[in-house]
Amino acid sequence: MAARVRMVVLFLLVAQWTAAAADRPNILFIMSDDHTSQAIGAYGSRLAGLNPTPTIDRLAREGMLFENAFCSNAICAPSRATILTGQYAHTCGVHDLRGSIEAGRQYLAREMRKAGYQTAMIGKWHLKKEPADFDYYCVLPGQGKYHDPEFRIRGEKNWPKNLIKFPGMHSSDAITDQTLKWFKEGRDESKPFFLMHHYKAPHDYFQHAHRYDDYLAEVDIPQPVNLRKSHPAGFGSIATRGYHDELIPHIGTSIGNRNPRRSYALDLPVKFPQDYPEGYDAAKLTDEEVQDMAYNVYLRKYLRCVKGVDDNLKRLFAYLDRTGLMDQTVIIYTGDQGFMLGEHDYQDKRWMYEEAMRMPFLIRYPATIKAGSRTDAVVGNVDYAPTMLDFAGVKKPGYMQGRSFKPICETGKEPVTWPNEAYYRYWMHMAHHDNPGHLGIRTKEFKLIYFYGADYQGGNRTPPAWELYDMKNDPLESTNLYDAPEYADTVAGLKKRLALLRKRIGDQGRDFPGTEEVVQEFWNYDAADREKAERISGEFLQRRVRDLKDSSKYKNR
Ligand code: CA
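Residues numbered from 1 in each chain as written. Predicted model: local features only at pLDDT ≥ 70, side-chain atom pairs only at ≥ 80, totals over all residues. Heavy atoms only, no water.

Novice: How should I be thinking about the coordination of the calcium ion in this particular structure?
Specialist: Each angle at a metal carrying four tetrahedral donors should ideally be 109.5 degrees, and each at a metal carrying six octahedral donors should ideally be 90 or 180 degrees. Looking at the calcium ion, the protein donor atoms are D33 (OD), D34 (OD), C76 (SG), D336 (OD), D336 (OD), Q337 (OE1) and Q337 (NE2), and they sit 2.2 to 3.1 Å from it. Linear spacing of the donor residues for the calcium ion on their chain is D-D-x41-C-x259-D-Q. One end of the pair, D34, is in the loop between β1 (26–32) and α2 (54–61); the other, D336, is in the loop between β8 (329–335) and α11 (354–357), and 302 residues separate them in sequence. For D336, a relative accessible area of 0% corresponds to the buried category. (Donors = N, O, S within 2.8 Å, 3.2 Å for Na, K, Ca; no water. Helix = DSSP H or I, 4+ residues; strand = E, 2+ residues; numbered from the N terminus. Buried < 20%, exposed > 50% of the residue type's maximum accessible area, 1.4 Å probe, protein only.)

Quick look at the structure:
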């Protein structure tokens, strides 16, 4: 008798679980590398007229667009680690490009699998260790190659030795093929799926499929108003301009000739001579002409890569439409962070400035998300994992620091407890693109940035300073209001919130006490601190000029 009761209970449990599984949507998380909101039509930027992303725009038309989605650290590996773990960089330990997430800590995949989802990771992974917490993976090694890509898969040999190769193909095409193949041959239809589908494009240096060689070739790409006038009088601070503007050439790599160490004006004619007119000689042109040329080559290459992503998503969506999966799946599109497309004459990401900190975030699930909806709620990449788990019916694990914004997707309203703030921190002080270490807080209304300007040991100092921008009235961040008397209360209030936020999320210098000492030293930024900043500016300039003289690249100029 007892055995019979047990059987019935077991049957009921299984039936209940199966019903629950049928109710749960599939989750398709699509991410491109460095695809910024300015280059997505639905975000309505200066580039929208070029119609760069008709397919991606469909997700906005039929779903929800987030105007204020932010990454907490605008660079590849840390953003990916945060998305996978639901933890900030200082918690998951991926502060910079050297970090990795090993199996056992690939939390989002683990939780989805535990909940009965079939999990897969296809495309750019960039977290070094084997994605073993996924049921299936097919990932580019490291940054991967644009042309003739190869992928690491599970197989007879140990990670990372099982490779499949696609000579003659472009990575965006191959990644989409692999995902379609997984849908057709790898899917276990008894389970809902969680798939991460990640493109390498449009990461630098931008190599598109050859079929796009002529795309936009004859078009002068619309320029941002702050390309030419990159550093108007009110923009930035001694941290980004130096004392009496002495560091403008050395902070942030440039499109034009501003930065003598690294600029697209220097790099692109060497990397892509075929995109320059025959006999191109920068020495015969004005700085403005050189900047125009580099900008056009940069944006055409970038937008050709974007077009390749969009066309491939058209193929993927056609399959989902045909099979009926489209409406049974929560589909998310995002980039791992934003990107400077010449705003302030900057290239790359890393900055807390809007174009780099803001992520595109579109989500479509017609069963519960209203078509054509938009929200200005402040959400972050630390919230993505809890949100996807919520859609899968999984309660947020305690070790995740983000919060689910599923209710915002479904109602368009923020829960009363939803915080109007996002934390940001960039750690890789003066690496690669000459960005000083900084941290800050973003609300719907304001952005407070603190450039503390020091490396992991508190060394190689650049001048510290604070910047405040009024994001409602000055979305292009042209006027730093930190010292404006009428904003003194705003600054004081935001500083207090920033300190509390750092405490709440635990970013208080545990791993890098030397850096934290600098952060604390200039927190109040009194007259003595400002004087010290002027001295640090001069000292940094001396070191930089010496380094440039030693560098062969500079000698050749
Ligand atoms: Ca990236």
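Back to the text.
Novice: Any chance you could explain the side chain of R350 here in plain terms?
Specialist: With respect to the element layout, R350 can be found in the loop between β8 and α11. Exposure remark for R350: the relative accessible area of 5% places this residue in the buried category. Here D348 takes part through its side chain, which lies 2.7 Å from a polar atom of the side chain of R350. Here H432 takes part through its side chain, which lies 3.2 Å from a polar atom of the side chain of R350. Those residues within four positions of R350 in sequence are excluded, and the remaining contacts are A74, I75, A356, Y424, Y426, M428, A431, H432, H433, N435 and H438. (Polar contact = N/O pair within 3.5 Å; in protein donor to acceptor, adjacent residues only side chain to side chain. Contact = heavy atoms within 4.5 Å.)

Novice: What is the right way to look at the sheet that holds β8 in this model?
Specialist: Two orientations exist for strands paired in a sheet by backbone hydrogen bonds: parallel and antiparallel. Strand order in this open sheet of 10 strands is β6-β5-β4-β3-β7-β1-β8-β9-β2-β10, and the pairing throughout is mixed. The strands lining the two open edges of the sheet, one partner per strand, are β6 (163–165) and β10 (373–380). Recorded for the sheet is a direction-independent mean angle of 20° between the axes of neighbouring strands. Bridging between strand β3 (residues 118–124) and strand β7 (residues 193–198) involves 6 bridges; their strand directions are parallel. (Pairing = 2+ DSSP bridges. Axes fitted to C-alpha atoms, helices over the stretch in contact; angles between N-to-C directions.)

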